[in-house]
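Residue-level structure breakdown
As a plain string of letters, each chain reads:
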Amino acid sequence: MRTPHRLALTALVAVLALAGCSGGARTDDSAPATASPSSPSPPPASRPPAPPPPSATTETLTPTAPPPPTSSTTPTPPPDPVMPALHSRTYEQARAELARAGVSTARLKPGAQHKDVTVPRDHDGWYICDTSPRPGAPVTAATTVTVRLARDFSDCTTSFNGYLHQENDPAHTP
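Since the structure is predicted, the reported quantities are computational estimates derived from the model, not experimental observations.

**Brief notes about unusual backbone geometry**
Backbone torsion omega between Ser132 and Pro133 reads 5°, so that peptide bond is classified as cis. Here Pro133 shows up in the loop between strand S2 (127-132) and strand S3 (145-150). Notably, Ser88 is not glycine yet its phi reads approximately 80°, a positive angle. Here Ser88 is to be found in the loop between helix H1 (5-21) and helix H2 (91-101). Even without being a glycine, Asn161 presents a positive backbone phi close to 55°. With a relative accessible area of 53%, Asn161 lands in the exposed category.

**Things to note about the environment of Val139**
Inspection of the secondary structure assignment puts Val139 in the loop between S2 and S3. Residue Val139 is classed as buried on the basis of its relative accessible area of 2%. Along the chain, Val139 and Gly102 lie 37 residues apart, while their C-alpha atoms are 9.2 Å from each other. Sequence-distant contacts of Val139, defined by excluding residues within four places in its chain, comprise Asp80, Pro81, Val82, Met83, Val103, Pro133 and Val145.

**Considering the sheet that holds S2**
With mixed pairing, the 3 strands of this open sheet are ordered in space as S1-S3-S2. Looking at the sheet topology across the chains shown, the edges are occupied by strand S1 (108-112) and S2. When strand polarity is set aside, the average angle formed by the axes of neighbouring strands in this sheet is 30°. Strand direction decides the pairing type here: S2 and S3, joined by 5 bridges, are antiparallel. Across the sheet, the residue bridging to Thr131 is Val147, located in S3. In the packing of H2 onto the sheet, the strands contacted are S1, S2 and S3, and the crossing angle to S1 comes to about 155°.

**Structural notes on the side chain of Thr131**
Relative to the elements of secondary structure, Thr131 occurs in strand S2. Within the local environment of Thr131, its side chain forms a polar contact with the backbone oxygen of Pro133, the two atoms lying 3.2 Å apart. In this structure Thr131 touches Met83, Leu86, Thr146 and Val147, once residues within four positions along its chain are discounted.

**Things to note about the pairing of S3**
Counted residue by residue, S3 has 5 buried out of 6 residues, so it is predominantly covered. With 5 bridges joining them, S1 and S3 adopt parallel strand pairing. Following the sheet pairing, Lys109 is matched in S3 by Thr146.

**Observations regarding the side chain of Thr146**
Within the secondary structure layout, Thr146 lies in strand S3. For Thr146, a relative accessible area of 17% translates into the label buried. Look past the residues within four positions of Thr146 in its chain and what remains in contact with it is Lys109, Asp130, Thr131 and Ser132.

**Observations regarding H2**
Among all positions in H2, only Tyr91, Ala94 and Leu98 are buried. Buried residues in H2, looked at end-on, bunch into an arc of 50°, giving them a common side. On its buried side, H2 packs onto S1, S2 and S3. Immediately beyond the C-terminal end of H2, within one or two residues, lies Gly102, with a positive phi of roughly 90°.

Reading guide: rules and limits
- Residues numbered from 1 in each chain as written.
- Predicted model: local features only at pLDDT ≥ 70, side-chain atom pairs only at ≥ 80, totals over all residues.
- Heavy atoms only, no water.
- Helix = DSSP H or I, 4+ residues; strand = E, 2+ residues; numbered from the N terminus.
- Buried < 20%, exposed > 50% of the residue type's maximum accessible area, 1.4 Å probe, protein only.
- Contact = heavy atoms within 4.5 Å.
- Pairing = 2+ DSSP bridges.
- Axes fitted to C-alpha atoms, helices over the stretch in contact; angles between N-to-C directions.
- Polar contact = N/O pair within 3.5 Å; in protein donor to acceptor, adjacent residues only side chain to side chain.
- Arc of directions from axis to C-beta.

Function-wise, these values are silent; they only describe arrangement.
Structural data, given as structure tokens:
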């Protein structure tokens, strides 16, 4: 708890005022008092020494312990997995890589890189040309991972307006 500055100053003034009421001279209670011949003085009363005045620049802080965990506290969920870089890997390698990254392979959707190519059922040996989401992006439980496949890796860079074979491109004129 933090003490306001005005309260600290007020307490300092009060302590100094009380110290000034004792006559301004400090006596050592452990030493025997000597009486002066001119005026008899009463024996000194035993009192505890005055505490030092609080400093205006220092504050007394009481450390507080954090509250104990309760049974109703829910643990924080783990962060979403991150999309690995799958370019140039086969579909089979990509499935294994996604599983290692913590991404459900049930959300993996294959597609052809080119409009004139149909991906067969057995496409484990086909190469990944592109992925969605991009590598490094978080993959939530609802994210569908789409991979674009080509039979040969060299076909990933070949495209005629989205077609693998130029003669299949409707814009092509021989």
